[in-house]
Amino acid sequence: MWGASAVAWPPRGTERCRACGPRWQRGVQGSWLEIGASISHFIIASGFIVFLTGLFYLSHLLVGAAVEVPNALALYKKRQM
Amino acid sequence: MLAGSGVSLLVPFVGPAARAHSAADRLAIVALGFGAPMVLLSISYEVLFYVCFAAVLFLWLVVEWHLAAYSAWAPLADGATQAPSHAQRRQLQLSDVRIGYFFLFFINVAYFGTGNVASVASFSVASVYRLITVFSPFLMGALLIVKITLPFFFLAAIFGILTRLVGLPPSCLFVLVVSAVDIMTLNFFFLVRDTVRVGRIRCRVAAAGH
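Just so we're clear, the structure is a prediction, and the values are computed from it rather than from any experiment.

Asker: Quick one: what's the story with the overall build of chain B, residue by residue and with numbers?
Answerer: From N to C terminus, chain B includes 7 helices and 0 strands. For chain B, the sequential pattern of α-helices and β-strands runs α-α-α-α-α-α-α. With 210 residues in all, chain B has 27% of them scored as buried.

Below, the structure is given as structure tokens:
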């Protein structure tokens, strides 16, 4: 890269200085890192829904339909007596 | 040893005690059944977290049950002659959002309880040495994931009981929670960026052109 032409380094140096300019001129916003992070956040949130669905079916397995659950109305009737 | 542990994980849920029809019995079986592998897979304080988490979840269940009983009882205090007929199987109310919110909160608690779930990569191998002494990363990782997800399983059991305890159809609160998470996902979807402003990179490309 450096050995290709020795006369190329002054313009390269000026371009590099221009790249180190003020913050609003640098391409910090919208970097590949931010793109990857935002897509990862979306995928994690979508996977969370899948995880919740799994938990829901697991709760059906653990506390199946055969379990008798005292209704809130039963508690009310007990309190009324 | 590993097979024995697997059997000890399965026995409480397929044995004769699994036919318990009372909700409290079933909850005790689930909590203790998941407690055994939790004890086997923990080093020092994780079992304490599991016990406290189960106790808090049970308290949450009792509180929500009494609140539901109060809301069924309140119309009578206003002069109604009998309890509302939809008390057995009611529809969603605004107060059910609270249950869904607390469910998400407890998912957070379970996530950060025994160490961050996201830090599975930096686990301590000592917690699986009781079951497997030969180093095999995938099996050890699977065991650690099982250990980390055990509190979630008990939370799912509590949530299933709670849904029916407050007199809602089984999938009602679940749909409420999933729709809340859907809103969050939609928020993240709109935050996804797909453009890069190549200020600095363009400079370098122009410099290479010289």
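Asker: Before we move on, could you go through the overall build of chain A and cite the residues and values that matter?
Answerer: When its secondary structure is counted, chain A shows 3 helices and 0 strands. Among the 81 residues that make up chain A, the fraction classed as buried is 12%.

Asker: Which residues make up the confidence of the model for chain A, and what values do they have?
Answerer: Overall, the prediction assigns chain A a mean pLDDT of 70, with 42% of residues at 70 or greater. No element of chain A has a lower mean pLDDT than helix α1 (residues 9-19) of chain A, at 52, and none a higher one than helix α2 (residues 32-62) of chain A, at 91.

Asker: Give a description of α2(A) that names residues and reports values.
Answerer: For α2(A), which comprises 31 residues, the first-to-last C-alpha distance of 44 Å matches the rise-based estimate of 45 Å (1.5 Å per residue) to within 8%. Of the residues making up α2(A), those classed as buried are Leu55(A), Phe56(A), Ser59(A) and Leu62(A). Of the surrounding elements, those touching the buried residues of α2(A) are α2 (23-40), α5 (137-165) and α6 (172-191) of chain B.

Asker: Can you break down the nonpolar core residue by residue, with the values?
Answerer: Ranked by internal contacts, the top residues of the largest apolar core, which has 45 residues, are Phe154(B), Leu155(B), Ala156(B), Ala157(B), Ile158(B) and Ile161(B). Sorting the residues of this core by element identifies α2 of chain A together with α2, α3 (46-77), α4 (96-113), α5 and α6 of chain B as the ones contributing at least two each. Element by element, the count of residues in this core is highest for α5(B), at 15 residues. Beyond its immediate sequence surroundings of up to four residues, Ala156(B) is in contact with Leu55(A), Leu58(A), Ser59(A) and Leu62(A).

Asker: Tell me what's going on with α4(B), and back it up with residues and numbers.
Answerer: Residues and elements named next belong to chain B. Between its first and last C-alpha, α4 extends 25 Å over 18 residues, near the 26 Å set by a 1.5 Å rise per residue. Of all the residues in α4, the buried ones are Ile99, Gly100, Phe103, Phe106, Ile107 and Ala110. Relative to the axis of α4, the buried residues are bounded by an arc of 120° and lie together on one face. Relative to its buried face, α4 has exposed residues pointing more than 90 degrees away, namely Arg98, Phe105, Asn108 and Phe112.

Asker: Describe the packing of α2(A) against α6(B), listing the residues and the values that go with them.
Answerer: For the pair α2(A) and α6(B), interaxial distance at closest approach is 8 Å and the crossing angle is 170°. Relative to α6(B), α2(A) is oriented roughly antiparallel. Between α2(A) and α6(B), the residues in contact are Ser38(A), His41(A), Phe42(A), Ala45(A), Ser46(A), Phe48(A), Ile49(A), Leu52(A) and Phe56(A) and Phe174(B), Val177(B), Val178(B), Val181(B), Asp182(B), Met184(B), Thr185(B), Phe188(B), Phe189(B) and Leu191(B), respectively. In terms of residue class, the contact of α2(A) with α6(B) is built from 14 nonpolar, 4 polar and 1 charged.

Asker: Now, about the packing of α4(B) against α6(B): what can you tell me, with residues and values included?
Answerer: All names here are of chain B. Close contact between α4 and α6 brings their axes to 9 Å; oriented N to C, the two are set at 65°. For the element pair α4 / α6, the angle class is roughly perpendicular. Relative to α6, α4 is oriented so that their crossing is right-handed. Between α4 and α6, the contacting residues are Asp96, Val97, Ile99, Gly100, Phe103 and Leu104 on the first element and Leu173, Leu176, Val177 and Ala180 on the second. Split by residue class, the contact of α4 with α6 holds 8 nonpolar, 1 polar and 1 charged.

Asker: Now, about the confidence of the model for chain B: what can you tell me, with residues and values included?
Answerer: As a note on interpretation, predicted positions should not be read in detail where pLDDT is low. All names here are of chain B. Put simply, chain B has an average pLDDT of 79, and 76% of its residues get 70 or more. Of all the helices and strands in chain B, helix α7 (residues 199-209) carries the lowest mean pLDDT, 48, while α6 carries the highest, 92. This model gives residues 202-210 a pLDDT under 50, and the stretch forms 12 contacts once residues within four places in sequence are excluded.

Asker: Residue-level account of the environment of Leu58(A), with values.
Answerer: Here Leu58(A) is to be found in helix α2. Exposure remark for Leu58(A): the 18 C-beta atoms within 10 Å place this residue in the partly exposed category. In the structure, Leu58(A) is positioned 14 residues away from Ile44(A) in sequence and 20 Å away in space, judged by C-alpha atoms. For Leu58(A), the residues in contact, after removing those within four places along its chain, are Phe153(B) and Ala156(B).

Asker: Quick one: what's the story with the environment of Phe152(B), residue by residue and with numbers?
Answerer: Tracing the backbone through its elements, the reader meets Phe152(B) in helix α5. Sequence separation between Phe152(B) and Leu92(B) is 60 residues, and the spatial gap between their C-alpha atoms is 24 Å.

The rules behind each value
- Residues numbered from 1 in each chain as written.
- Chains lettered and ligands numbered in written order.
- Predicted model: local features only at pLDDT ≥ 70, side-chain atom pairs only at ≥ 80, totals over all residues.
- Helix = DSSP H or I, 4+ residues; strand = E, 2+ residues; numbered from the N terminus.
- Buried ≥ 20, exposed ≤ 12 C-beta atoms within 10 Å, placed from the backbone.
- pLDDT = per-residue confidence, 0-100.
- Expected span 1.5 Å × (residues − 1).
- Contact = placed C-beta atoms within 7 Å.
- Core = buried A, V, L, I, M, F, W, Y, C linked by C-beta atoms within 7 Å.
- Arc of directions from axis to C-beta.
- Axes fitted to C-alpha atoms, helices over the stretch in contact; angles between N-to-C directions.
- Parallel < 35°, antiparallel > 145°, perpendicular 65-115°, else oblique.
- Nonpolar A, V, L, I, M, F, W, Y, C, P; charged D, E, K, R; others polar.
- Left-handed = near helix turned anticlockwise from the far one by under 90°.

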